[in-house]
Amino acid sequence: VRPLFTLAGVALLTAAAVSVFAQGTGTASITVEQPWARATPAGAQTSAAYMTLDNKSSSADRLIGVSSDVAAKLQIHEMTMINGVMQMRQLTDGLPVPAGGSVALKPGSYHIMLIGLQRPLAAGDSFPLTLTFAKAGNVSVTVPVRAIGATPGDSGMGSMQGKPGGMAPMEMK
Amino acid sequence: MMRTGHAIMAAVTGFAVAAGVVFFGVGLIAPSRGAGQASAAIGGPFTLVDDTGAPVTEAALAGKPSAMYFGYTFCPEACPTTLLDMSRWIKKLGPDADKLNYVFITIDPQRDTPKLMHSYLSSFDKHIRGFTGTPEQTAKVAKEYRVYYKRIPTSDGGYLMDHSTMIYLMDARGRFVTVIPYQDDDASAMAKLWNLVATAASS
């Protein structure tokens, strides 16, 4: 319905292609699927990055840090909407990723907040991001930038609920 | 219309009670108040600064119905999403879009300078004006519109803002009509905006 539909679809395919290059530290048991970040309005200092973290190991893990040269600070946040009031909270203890399970970072929920952007993010751009897990260590991904109004719903895939279905699953190489 | 106003006030009341947080205008959200009073209670005079740096009051909106949204430019998700929605709806209104005012009022005036507001809004429909002001002016307009906002510190010494996410629709005399909730679908939002356009000629 939305005019962004096609654009978002294209962007998602780009995301699929890019995340193939996700690299772990050899023993990493976390894969990062469908990363993307929101393009920014002019002058905006912040954006958000989204993805699905899939823990293929039999032990629980935790996302404890995020780094990138795209922004001065990167924080793990949770957004909730209560009676029309948007609340954002920093997850200072990190984000748990259950054993054999996955966690979706998506609009309206968990996300990586990019604070103090070093440059504007335009749809079609991409930037490197390194996620640090308590057990799996560092996992680096390339994050494509999608249009300002992009949402998982726009993609029409309906598969961003934490399971790597819908599109071809993307494994680390 | 009245029923909607009442529902909003009920929801707002529920939130304030449930969360136990500071809420502006507590005296006005008693459930025993009538819907008519509730709708009359939202909105009011304000003094702010527009995105060109010029002083602006409610007089700048008089004579046209208005769609008003309260947010901040550091907002990574809800605000750009809403302003993009609003931009799309403005486009759908076509020539009738000129019959309404569209305003983005920051609840983070310390960071949202007129210059930044102007830059930020250049990424959205040109109809949307940006208002900022002093913290006191912001608190006053937020209180009048029953907008909740609260500063939340982060570990790096910075802060985030919790805030209401609905778009307020006001008639040409500044009286509350209804709201468009966050991420309302296009059909619902457009119906409300077309109703507002229809009142433009008669008020």
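Just so it is clear, the model here is predicted, and its values are computed rather than measured.

Chemist: Just checking my understanding: could you explain the overall build of chain B for this structure?
Modeler: The number of helices and strands found in chain B is six helices and nine strands. Across the 203 residues in chain B, those meeting the buried criterion constitute 55%. The long-range share in chain B, meaning contacts at least 24 apart out of those at least 6 apart in sequence, stands at 68%. For chain B, the accessible surface area stands at approximately 8,300 Å², while carbon and sulfur atoms represent 60% of it.

Chemist: I'm lost on the overall build of chain A in this one. Help?
Modeler: If you tally the helices and strands in chain A, you get two helices and 10 strands. Shown N-terminal to C-terminal, the secondary structure of chain A runs as helices and strands in the order α-β-β-β-β-β-β-β-β-β-β-α. A buried classification covers 53% of the 173 residues belonging to chain A. Long-range pairs, those at least 24 residues apart, make up 70% of the contacts in chain A with a sequence separation of at least 6. Accessible surface, chain A: about 6,900 Å² in total, of which carbon and sulfur atoms supply 56%.

Chemist: Explanation requested: the interface of chain A and chain B in the structure shown.
Modeler: Reports of interface size often rely on the accessible area that becomes lost once the parts have come together. Taken together, the contacts link 34 residues of chain A with 35 residues of chain B. Buried surface at the junction of chain A and chain B, both sides included, amounts to about 2,800 Å², of which 61% is carbon and sulfur. For the interface between chain A and chain B, the tally reads two salt bridges. Here Asp162(B) ties to Arg89(A) by a salt bridge, and the two come within 2.9 Å at their closest N and O atoms. Counting every contact that joins chain A to chain B gives 14 residue pairs in polar contact (both at pLDDT 80 or more).

Chemist: For this particular structure, what's the right way to read the pattern of salt bridges?
Modeler: Pairs can form between side chains of opposite charge whenever their charged atoms are close. Taken as a whole and judged by the stated rule, the model has 11 salt bridges over all chains. For Asp54(A), the salt bridge goes to Lys56(A), with nearest N and O atoms at 2.9 Å. Taking the relative accessible area as the measure of exposure, Asp54(A) reaches 8% and is therefore buried. Salt bridges sharing common partners tie together Asp85(B), Arg88(B), Lys92(B) and Asp186(B).

Chemist: Sorry if this is basic, but what is going on with the side chain of Ser57(A) here?
Modeler: Residues and elements named next belong to chain A. Within the secondary structure, serine 57 is located in the loop between strand 2 (46-55) and strand 3 (61-67). Judged by its relative accessible area of 18%, serine 57 falls in the buried class. A distance of 2.9 Å separates the side chain of serine 57 from the side chain of asparagine 55, its partner in a polar contact. Polar contacts involving the side chain of serine 57 include one to the main-chain carbonyl oxygen of serine 59, which spans 3.0 Å. Excluding residues within four positions of it along the chain, serine 57 makes contact with Ser29, Ala99 and Gly100.

Chemist: Mind showing me how you'd approach empty space enclosed by the protein here?
Modeler: If a probe the size of a water molecule is rolled over the atoms, the empty space left behind becomes visible. Tallying each qualifying case throughout the model produces two cavities of 30 Å³ or more. Estimates place the volume of the second largest cavity at around 40 Å³. Arg38(A), Ala39(A), Thr40(A), Pro41(A), Ala44(A), Thr46(A), Ser47(A), Thr73(B), Cys75(B), Pro76(B), Pro80(B) and Tyr120(B) are the residues that line the second largest cavity. Along the lines of polarity and charge, the residues of the lining of the second largest cavity split into seven nonpolar, four polar and one charged.

Chemist: Is there a simple way to explain the environment of Phe104(B) in this structure?
Modeler: Mapped onto the elements of the fold, Phe104(B) is located in strand 4 (residues 101-106). The buried category is assigned to Phe104(B), whose relative accessible area is 1%.

Chemist: Can you help me understand the confidence of the model for chain B in this one?
Modeler: Predicted coordinates in areas of low pLDDT are best not read in detail. Summarising the model, chain B shows a mean pLDDT of 85, and 79% of its residues fall at 70 or more. Note on residues 12-39 of chain B: pLDDT is under 50 here. Beyond four places in sequence and across chains, it has 38 contacts.

Chemist: I keep staring at helix 5 (residues 135-144) of chain B and nothing clicks. Help me out?
Modeler: The α-helix winds at 3.6 residues per turn, so residues separated by three or four positions along the chain end up facing the same way. Residue and element names in this part refer to chain B. Within helix 5, the full set of buried residues consists of Thr138, Val141, Ala142 and Glu144. One side of helix 5 carries all its buried residues, which in axial view fall inside an arc of 160 degrees. Two residues or fewer past helix 5, arginine 146 is found with a positive phi of approximately 60 degrees.

Chemist: Sorry, what's going on with the sheet that holds strand 5 (residues 128-132) of chain B here?
Modeler: What links the strands of a sheet is backbone hydrogen bonding, and the strands pair in either a parallel or an antiparallel sense. All names here are of chain B. The seven strands lie next to each other as 2-1-5-4-3-8-9, forming an open sheet whose pairing is mixed. Single-partner strands in this sheet number two, and they are strand 2 (55-57) and strand 9 (176-180). In this sheet, neighbouring strand axes are inclined to one another by 35 degrees on average, regardless of whether the strands run parallel or antiparallel. Sheet topology places strand 8 (residues 167-170) next to strand 9; four bridges connect them, and they run antiparallel. Within strand 9, the position partnered with methionine 170 by the bridge is phenylalanine 176. Of the strands in this sheet, strand 3 (66-71), strand 4, strand 5, strand 8 and strand 9 touch helix 3 (residues 78-93), which is tilted by about 165 degrees from strand 3. Those strands touched by helix 5 are strand 1 (47-50), strand 3 and strand 4, and its axis lies near 115 degrees from that of strand 1.

Quick notes on the rules
Throughout, a residue's number is its position along its own chain's written sequence, starting from 1. For this description, chains carry letters from A and ligands carry numbers from 1, given in the order in which they are written. Local features are withheld for residues below a pLDDT of 70 in this predicted model, meaning they are given only at 70 or higher, and side-chain atom pairs are given and counted only at 80 or more; totals for whole chains, interfaces and linings count all residues. In computing side-chain properties, one takes all heavy atoms of the structure into account and sets aside hydrogens as well as water. By definition, any uninterrupted DSSP run of H or I lasting at least four residues is a helix, any uninterrupted run of E lasting at least two residues is a strand, and each is numbered from the N terminus. Here the term buried applies to any residue with accessible area under 20% of the maximum for its type, exposed to any over 50%, and partly exposed to those in between, with areas from a 1.4 Å probe on protein chains only. Only heavy atoms enter the contact rule, under which two residues are in contact if any of them lie within 4.5 Å. Here the Shrake-Rupley method, with its probe set to 1.4 Å, supplies the accessible areas, and only the displayed protein chains count as covering residues. Put simply, buried area is how much 1.4 Å-probe accessible surface two parts lose in total, over both of them, once they are put together. Salt bridges are defined as contacts in which a side-chain nitrogen from Lys or Arg sits within 4 Å of a carboxyl oxygen from Asp or Glu. Distance and chemistry together define a polar contact, namely a pair of N or O atoms within 3.5 Å, with one atom able to donate a hydrogen and the other to accept it when in protein, and with adjacent residues in sequence counting only for side-chain atoms on both sides. Using only the protein atoms, space was sampled on a 1 Å grid; points where a 1.4 Å probe fits but cannot get out form cavities, open sets with protein on both sides within 12 Å along at least five of seven lines form pockets, and lining residues are those with an atom within 4 Å of a point. Grid points are joined across faces, edges and corners, and a volume is the space filled by probe spheres set on the points. Only Asp, Glu, Lys and Arg are considered charged, only Ala, Val, Leu, Ile, Met, Phe, Trp, Tyr, Cys and Pro nonpolar, and every remaining residue, Gly among them, polar. pLDDT is a per-residue confidence score from the predictor, ranging from 0 to 100. The arc under discussion is defined with respect to the helix axis, by the directions toward the C-beta atoms. A pair of strands is considered paired only if DSSP assigns at least 2 bridges between the two. What counts as an axis is a line fitted to C-alpha atoms, over the stretch in contact for a helix, and the angles between N-to-C directions run from 0 to 180 degrees.

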